[in-house]
Amino acid sequence: MTTTATTPAPVPVQDERPRVAEVLKQFAGRQYLLGVLVVLCVAVGLARPAFWGSGNLSNVLFQASFVGLAACGMTMLIASGLLDLSVGGTIAVASIAVAKVLPSTTIGAAVLLALVIGAVLGLVNGLLVTYVKIAPFIATLGTLYLFLGAAFIWTDGKVVPISSSNYRAFTTGELGPLPVPFVVFVVLAVVTYLVLQRTYFGRTLRAFGSNERAAVLAGLPVNRTKVAVFVVAGICFALSGVFMAGRLSSAEGNMAMGFEMDVIAAVVVGGTALRGGRGTAFGTVVGALLFAVLANALNLLGVASYWQYVLTGAVLVAAIAVGARRSSAAEVRGAG
Amino acid sequence: MPDATLAPGGTADLVADERARSAELARRADSRRQLLQNAGVAVPFLIVLVLGLTVVPHFASGSNITNMLVNAAILAIVGYGMTLVIAVRGIDLSVGSAQALAACVAASAVNSAGPLVGALVGIAVGAGLGLANGLVVTQLRVPGFIATLSTMSVFRGLVLLFTGGAPIMIASTSFKSVATASLLGIPVPFLVAVLLGAAAWFAFDRMRFGKHVVAVGGSPEAAVDTGISVNRVVLLSYLVSGAAAGIGGVLLASQLGVVNGSVAAGLELQAIAIVVLGGTSMAGGRPRVVGTFVAALLLSMINSGLNLLNVPSFYQYVALGALLVFALSIDGAQRAAVRRMLEGRLS
């Protein structure tokens, strides 16, 4: 988008599918973010060599994958012009479900239950947004508190421990040099990319993300797809919760309080435009890594953890402001 | 409007007829909307009031009434600001964090410079934060909800940095007595809320600013064409919302006597809930201060009723979430009813 907008040359007629060259070109246009990430890593590494320690690196990857798994779902939502603020609630309920049933069932069944719960909570959000016609951010703000309330009631406000060592080994184990959640995150990001770019579902959601009325007039199943996006996103959030519970060896109501900020920030800083129509899974991966490295750097440098709130918010506003400025410039050029 | 150009002289009567008919429709749609808006808050208010009086023990005791009125007052004041912001199609999710920051700064200013200065500093901090929100929304062109979602996190971080995570005790008894004092049997914060409500009503209903708010909320593009400075109106709205959160924060500090960095968490949801429940449409252009005020009383009654019944505080989350979803459904139903009415007859 950026590269095509800055070159005034006539745009050649394209096939329906983006060509490999086109994809690579778009990819290169986003490299500045990867550059920022590399520079940040090098700078932190110089200031605190402990950054490159394998223990610390795997810590960063864990953090990035918790945010990233949820951010994959959020990427689809934002690409379709929607938003979900109930991430923290969904994660809490799904994790508590895992912790509650683990003593009596297998790991597979527990994870499956968590994913089903994520899907159901996503369905609730989707129905509220599409059929009750409540603006997404406010409907999900309401359900955030509903889900949190449900989580607190379910646990009586206590922490539910996970004693199964197999579960912990499964969720925090390493696959070669990489932690399992990170591998799952990368796989999920690839799947998200393919879904967004190569499937009917992805094309539909990008279509109504960029212009809902046009999509409706074109006869696309907008309402159905909207609900489906919320369900898929709910499953992604629950997956994040599954790994988070394993890492914490426990689950509780406020385990993911304020998590929605991190997730949205990772997606938006990654380059997915907030007004919908486009989503970049690769950008989301970089965005998630960027925030994980940033948080880790602040910890290593001994900065008060409260600064993370300030920094996340400020980076998010800055990213959107830059995006708004750039897209408005492109619009002006297109009109002139 | 394709009226005059498409209708040559002979059909002038037809056009006039059509005009009258659509005016009549609009009037009926409006009255139906009014009904839904008023019923949306009045019916739950009466139900909760009756339930509270009959089911909840000590509901009508003097101390509980005072408590409810003070809580409702703080909520309502924040709600007025939110009413204004929602009326210009914005939203302010940062009110809770702004209130916490204002309360903590006010508390430490009271300790170092006296009650009056402390209160003024608190309000000024709130206004400054609101101004920051407004600038981000109007100058950086970040959508309101995401801008204030970010500043919610920023302000919360700032207040935690300011307090270092420790509570701030307020030494001044005169400052603390403001929230507990009463004039003619009515708590002072409640009087403040009523006065501010009257001022807000006057500003929205009788002043040019109010007309501008309605114009901007109804259709920003049309407002621009009319020559209204939309940015200025939006900026002022966020500023007022921040200042209202600041006033609420000062009253909260006075009520609590001890403040820390995590007070007023989740306030944004309560504020949005009372505003929407009060009949201010999320679609913009319809500020309803009286509704906000009544809804603040309603929410305060619900909270206090649940407390008195010893319901675990977790259920209050659920009650609040359900209340918000209910209010938004009413808002949606009301818009749908009006649309059906207008479209069903005309197209």
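Since we're looking at a predicted model, the values are computed, not measured.

Draft legend 1. Broad picture of the overall build of chain A. Counting its secondary structure elements, chain A contains 15 helices and 4 strands. Put simply, chain A has 336 residues, and 49% of those count as buried. If you take every contact in chain A between residues at least 6 apart in sequence, the share linking residues at least 24 apart comes to 80%.

Draft legend 2. Spotlight on the overall build of chain B. Helix and strand counts for chain B stand at 13 helices and 4 strands. For 347 residues, the compact-globule estimate of 2.2 N^0.38 gives 20 Å, and chain B sits close to it at 22 Å. By its C-alpha atoms, chain B is 80 × 50 × 35 Å across when sized along the principal axes. Every one of the 347 residues in chain B was classed for burial, and the buried ones make up 49%. A sequence separation of at least 24 residues applies to 80% of the contacts in chain B between residues at least 6 apart.

Draft legend 3. Summary view of the environment of Val88 of chain B. All names here are of chain B. By secondary structure assignment, the location of Val88 is in the loop between helix H2 (62-87) and helix H3 (95-113). On the basis of neighbour count, Val88 is assigned to the buried category, with 28 C-beta atoms found within 10 Å. Val88 sits 133 residues away from Glu221 along the chain, and the two C-alpha atoms are 12 Å apart. Once you skip the residues sitting within four places of it in the chain, Val88 turns out to touch Val213, Val216, Gly217, Val233, Val234, Ser237 and Gly284.

Draft legend 4. Quick peek at the nonpolar core. Val98 of chain A together with Leu101, Ala103, Ala106 and Ala273 of chain B are the most contacted members of the largest nonpolar core, which totals 217 residues. Every residue in contact with Ala106 of chain B, bar those within four places of it in the chain, is listed here: Gly118, Ala119, Val121, Gly122, Gly249, Val250 and Ala253 of chain B.

Draft legend 5. Fine view of the packing of helix H6 (residues 173-180) of chain B against helix H10 (residues 230-256) of chain B. Residue and element names in this part refer to chain B. Closest axis-to-axis distance for the H6/H10 pair is 7 Å, and the angle between their directions is 105°. Considering the angle they form, H6 stands roughly perpendicular to H10. Packed against H6, whose contacting residues are Phe175, Lys176, Val178 and Ala179, the element H10 presents Leu251, Ser254 and Gln255 at the interface. The residue inventory of the contact of H6 with H10, partitioned by class, reads 4 nonpolar, 2 polar and 1 charged.

Draft legend 6. Seen up close, the packing of H2 of chain B against helix H12 (residues 289-308) of chain B. All names here are of chain B. Running from N to C, H2 and H12 point in directions that differ by 140°, and their axes come no closer than 8 Å. Regarding the angle of H2 to H12, the classification is oblique. As for how H2 packs across H12, the hand of that crossing is right-handed. When H2 is examined against H12, the residues Asn64, Asn67, Met68, Asn71, Ala72, Leu75, Ala76, Gly79, Tyr80 and Thr83 are found in contact with a partner set consisting of Val289, Thr292, Phe293, Ala296, Leu297, Leu299, Ser300, Met301, Asn303, Ser304 and Leu308. Counted by class, the contact of H2 with H12 contains 12 nonpolar, 9 polar and no charged residues.

Draft legend 7. Spotlight on unusual backbone geometry. All names here are of chain B. Despite not being glycine, His58 has its phi angle at roughly 60°, a positive value. Secondary-structure assignment places His58 in the loop between helix H1 (12-55) and H2. A positive phi is found at Ala264, a non-glycine position, where the angle reads about 60°. Position of Ala264 relative to the elements: it lies in the loop between strand E4 (258-259) and helix H11 (267-277).

Draft legend 8. Representation of the interface of chain B and chain A within the structure. Counting from both sides, the interface comprises 33 residues of chain B and, opposite them, 34 residues of chain A. Where the side of chain B that touches chain A is concerned, the elements lending two or more residues are helix H5 (144-163), H11 and helix H13 (313-346) of chain B. A breakdown of the residues in the side of chain B that touches chain A according to their chemical character gives 24 nonpolar, 7 polar and 2 charged.

Draft legend 9. Focus on the environment of Gly210 of chain B. Residues and elements named next belong to chain B. Along the chain, the position of Gly210 falls in helix H8 (residues 208-218). Between the C-alpha atoms of Gly210 and Asp331, which are 121 residues apart in sequence, the distance is 21 Å. Contacts of Gly210, omitting those with residues within four sequence positions, involve Ala203, Phe204 and Asp205.

Draft legend 10. Region of the structure containing the confidence of the model for chain B. Averaged over all residues, the pLDDT of chain B equals 85, while 95% of them reach at least 70. For this predicted complex, the interface score ipTM comes out at 0.77, alongside a pTM of 0.82.

Draft legend 11. A look at the confidence of the model for chain A. All names here are of chain A. Here chain A shows a mean pLDDT of 84. Residues at 70 or above account for 89%. The low-confidence segment residues 1-9 (pLDDT under 50) makes 8 contacts with residues lying over four places distant or belonging to another chain. Note on residues 329-336: pLDDT is under 50 here. Beyond four places in sequence and across chains, it has 2 contacts.

Draft legend 12. Structural detail: helix H10 (residues 200-210) of chain A. Looking at H10 of chain A, one finds that the buried residues are Gly202, Thr204, Leu205, Arg206, Ala207, Phe208 and Gly209 of chain A. Those residues of H10 of chain A hidden inside the fold are in contact with helix H4 (54-79), helix H9 (180-198), helix H11 (212-217) and helix H12 (222-248) of chain A.

Draft legend 13. Region of interest: the environment of Ser61 of chain B. Residues and elements named next belong to chain B. Summarising the element assignment, Ser61 is placed in the loop between H1 and H2. A residue is classified by how many C-beta atoms lie within 10 Å of it, and Ser61, with 11 of them, is exposed. Considering only alpha carbons, one finds Ser61 and Tyr80, 19 residues apart in sequence, at a separation of 28 Å.

Draft legend 14. Region of interest: H10 of chain B. Here H10 of chain B is 27 residues long and its end C-alpha atoms lie 38 Å apart, about the 39 Å a rise of 1.5 Å per residue gives. Immediately downstream of H10 of chain B, the backbone of Gly257 of chain B shows phi near 80°, a positive value.

Criteria and cut-off values
Residues numbered from 1 in each chain as written. Chains lettered and ligands numbered in written order. Predicted model: local features only at pLDDT ≥ 70, side-chain atom pairs only at ≥ 80, totals over all residues. Helix = DSSP H or I, 4+ residues; strand = E, 2+ residues; numbered from the N terminus. Buried ≥ 20, exposed ≤ 12 C-beta atoms within 10 Å, placed from the backbone. Contact = placed C-beta atoms within 7 Å. Rg over C-alpha atoms; globule rule 2.2 N^0.38 Å. Core = buried A, V, L, I, M, F, W, Y, C linked by C-beta atoms within 7 Å. Axes fitted to C-alpha atoms, helices over the stretch in contact; angles between N-to-C directions. Parallel < 35°, antiparallel > 145°, perpendicular 65-115°, else oblique. Nonpolar A, V, L, I, M, F, W, Y, C, P; charged D, E, K, R; others polar. Left-handed = near helix turned anticlockwise from the far one by under 90°. pLDDT = per-residue confidence, 0-100. Expected span 1.5 Å × (residues − 1).

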